[in-house]
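Residue-level listing of the chains:
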Amino acid sequence: MKKLTDNSSQLNRRKFVSTFGLLGLAGLLPKTGDAKLLPDTTGSILKTGPYLQTPLQDSITIRWITQVPCYSWVEYGEQKDKLDKKAHTSDHGLVAANNTIHAITIDGLQPARTYYYRICSKKIENFQPYKLVYGDTFTSEVYTFATLGQTDKEVSFLIFNDIHDRPESFPHLMQYAGNEKNDFVFLNGDMFNYQVDEQQLVTNLLDPLGKLFSTNTPFILSRGNHETRGKFARQLMDYFNSDRQNYYFSFQCGAMYAIVLDSGEDKPDETEVYAGIVDFDRYRIQQAEWLKKEVQKKEFKKAKYKVVFSHIPLYYSGEWHGTMHCREVWGNILNEAKIDVLISGHTHKYGIHDPVKGQHNYPIVIGGGPLDGKRTITKVKITQHAFQLSMLDDSGKEVGALKI
Ligand SMILES: [Fe+2]
């Protein structure tokens, strides 16, 4: 999960998160109960969030965006009325501050456990070299997060794909999600048409998901080809995942070992509209090298269910370059690794395709979207003995099911 490539963006640098008790920061943080910790009733500090990212068995990342530069931290604990731990991010000796995009990864957590937390952001009014003036502090209400479970735990999650800047699809499809508590929600690419700016992320994704679940249930963003487009595509990573996670990564949850691949663009890198500034062939080959090592890990081999996510499916999505190159560089590795299922989107035509020996020795699940009548929500539940997937259309009718 370590980043393989360097990225100059601020939040992608390796960071160290300090976790400390309330006493450890006397003098730096306002005390709980301090008048300055009252909620930001003016609405002038918080822009969106919190939203949970990168759920793991021993850690989670809490993100939010403020409207003004702040110093931010998280208070958390195992009891709602006892948030006795605090965490902030520090990097090269400097605590993250005077920023608006906040990401705090909390480590050292216990698996399958629920924690309570709230976010705090203290406005920086004036940042002089030898005098820093703080303003009001925003303190959120108390929310919960839960760490992922080890192999003996059940796993439940939802999948959305190909929403394409139609935020109203989220609440519409969520009405069919059922009452199951989900470990996470997986966004399998193309949440947007192309990246414009931060406000697009807030309006079309972060605010709608915040209203539905993301303050208490993490989402995992897997990049689709459309997320690689537009002038803001290169800033996307500042807002998602933890700073330790690439767009391709693996994680374990219950009996599932999940591998997330980033299938990149769908046309050749030389295509005129890409203007010479994409490099996806090399990137997919780089992922193939990583994938070869990943499937040799003993945790992968031992896992009961090996689940792979890739926005572009290796089959059933035409013969454009993206599909064919994913197939060329990843196909054999996935077959030989005996994966149980590939879960994709991209084609806008939902379907569950049986294994075809010699091509893909595993079923391929493709979610639909983005138009009315083509949208889907997919529910997955994994126990020690069964992988069960159910795909529903936007009338709530089951349009696909898979049991392994
Ligand atoms: Fe799409």
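Calculation criteria
Each chain has its residues counted from 1, following the order in which its sequence is written. In keeping with the model being predicted, local features are shown solely for residues with a pLDDT of at least 70 and side-chain atom pairs are shown and tallied solely at 80 or more, while totals for entire chains, interfaces and linings include all residues. Values shown for side chains rest on all heavy atoms present in the structure; no hydrogens or waters enter the calculation. Under the pairing criterion, centres of Phe, Tyr and Trp rings, with the six-membered ring standing for Trp, must be within 6.5 Å; the plane angle then separates stacked pairs below 30 degrees from edge-to-face pairs above 60, leaving the rest tilted. Each residue gets one of three labels from its accessible area relative to the maximum for its type: buried under 20%, exposed over 50%, partly exposed in between, using a 1.4 Å probe on protein chains only. Coordination partners: N, O, S within 2.8 Å of the metal, 3.2 Å for Na, K and Ca; water not considered, so apparent gaps in a site are possible. Just to be clear on the cut-offs, tetrahedral is four donors with all angles between 85 and 135 degrees, square planar is four donors and octahedral six with opposite donors over 155 degrees apart and all others between 65 and 115, and anything else goes down as irregular. Secondary structure is summarised from DSSP: a helix means a run of H or I of at least four residues, a strand means a run of E of at least two, and numbering begins at the N terminus for each. In this scheme, strands are said to pair when DSSP sees at least two bridges between them. Simply put, an axis is a line fit to the C-alpha atoms, just over the touching stretch for a helix, and the angle between two N-to-C directions goes from 0 to 180 degrees. Any pair of residues with heavy atoms lying within 4.5 Å of one another is described as a contacting pair. Each polar contact in these results corresponds to two N or O atoms within 3.5 Å; when the atoms are within protein, one needs to be able to donate a hydrogen and the other to accept it, and residues that are neighboring in sequence are counted only if both atoms are side-chain atoms. To estimate the expected span of a helix, subtract one from its residue number and multiply by 1.5 Å. Fitting axes to the seven residues ending at a residue and to the seven starting there, one defines the bend at that residue as the angle between these axes. Should an angle fall under 35 degrees it is taken as roughly parallel, and over 145 as roughly antiparallel, whereas 65 to 115 is taken as roughly perpendicular and any remaining angle as oblique. Left-handed is the label given to a crossing in which the near helix is rotated counterclockwise from the far helix by less than a right angle, and right-handed is the label when the rotation is clockwise. Each residue is assigned to one class: nonpolar for Ala, Val, Leu, Ile, Met, Phe, Trp, Tyr, Cys and Pro, charged for Asp, Glu, Lys and Arg, and polar for all the others, Gly among them.

### Concerning the packing of aromatic side chains
Applying the stated rule across the entire model yields 19 aromatic pairs. A ring pair is formed by Y71 and W73, whose centres lie 5.2 Å apart and whose planes are at 25 degrees; its orientation type is stacked. For the pair Y71 and W73, a shared accessibility class is recorded, and that class is buried. When the centroid spacing of 5.3 Å and the interplanar angle of 20 degrees are considered together, the rings of Y115 and F145 count as stacked.

### Topic: the coordination of the iron ion
In the first shell of the iron ion, the protein supplies D162 (OD), H164 (NE2), D190 (OD) and H348 (NE2), at 2.0 to 2.4 Å from the metal. Classification of the site at the iron ion as irregular follows from its 4 donor atoms and the range of 85 to 168 degrees in their angles at the metal. Counting the intervening residues between successive donors of the iron ion yields the motif D-x1-H-x25-D-x157-H. In this pair, H164 is assigned in the loop between β10 (155–160) and α1 (169–174) and D190 in the loop between β11 (184–187) and α2 (198–212), connecting sequence segments 26 residues apart. Take H164: its relative accessible area is 4%, and that puts it in the buried class.

### Details of unusual backbone geometry
Looking along the chain, the bond that leaves G49 and enters P50 is cis, with omega of 0 degrees. Topologically, P50 is positioned in strand β2 (residues 46–53). In this structure, H164 is a non-glycine residue whose phi angle is positive, near 50 degrees. Positioned with a positive phi, H348 is a non-glycine residue whose angle comes to about 65 degrees.

### Things to note about the sheet that holds strand β17 (residues 351–353)
Spatially, the 6 strands line up as an open sheet ordered β13-β14-β15-β16-β18-β17, and their pairing is mixed. Because the sheet does not close on itself, it has two edges, and the strands there are β13 (249–253) and β17. Here the strands of the sheet are splayed against their neighbours by 20 degrees on average, with no regard to which way each runs. Bridge count for β17 against strand β18 (residues 364–366) is 3 bridges, and the pairing is antiparallel. Counterpart to I352 in the pairing with β18 is V365. Its contacts with the sheet place helix α3 (residues 280–294) against β13 and β14 (256–261), and it is angled at close to 170 degrees to β14.

### A few points about the sheet that holds strand β12 (residues 219–221)
What the 6 strands build is an open sheet, ordered β12-β11-β10-β19-β20-β21; its pairing is mixed. Among the strands making up the open sheet, the edge pair consists of β12 and β21 (398–403). Taken over all neighbouring pairs, the strand axes of this sheet differ in orientation by 20 degrees on average, direction set aside.

### Things to note about the side chain of R63
Residue placement: R63 occurs in strand β3 (residues 60–77). Of the polar contacts made by the side chain of R63, one reaches the backbone oxygen of D238; its length is 2.7 Å. In this structure the side chain of R63 is engaged in a polar contact, spanning 2.8 Å, whose partner is the backbone oxygen of N241.

### Here we look at α2
Along an α-helix, residues three or four positions apart point the same way, because every turn accommodates 3.6 residues. For α2, with 15 residues, the first-to-last C-alpha span of 20 Å sits near the 21 Å given by 1.5 Å per residue. The axis of α2 is deflected most strongly, by about 35 degrees, at L206, and proline P208 appears within four residues downstream. When α2 is considered as a whole, its buried residues turn out to be E198, Q200, L201, V202, N204, L205, L206, P208 and L209. Taken together, the buried residues of α2 touch β2, β3, β6 (97–106), α1, β11 and β12. The distance from a side-chain oxygen at the start of α2 to the backbone nitrogen of Q199 is 3.3 Å, and the residue carrying that oxygen is D197.

### Let's talk about the side chain of S156
For S156, the position within the fold is in strand β10. Apart from the residues within four sequence positions on either side, S156 is in contact with E180, K181, N182, D183, F184, V380 and K381.

### As for the packing of α3 against helix α5 (residues 321–336)
Between α3 and α5, the shortest axis-to-axis distance is 10 Å and the interhelical angle comes to 15 degrees. Classed by the angle they form, the pair α3 and α5 counts as roughly parallel. Both α3 and α5 take part in a crossing whose hand is right-handed. Note on element contacts: α5 touches α3 through H321, G322, H325, C326, V329, W330, I333 and L334, opposite D281, R284, I285, Q287, A288, L291 and K292. When grouped by side-chain class, the residues that make up the contact of α3 with α5 number 8 nonpolar, 4 polar and 3 charged.

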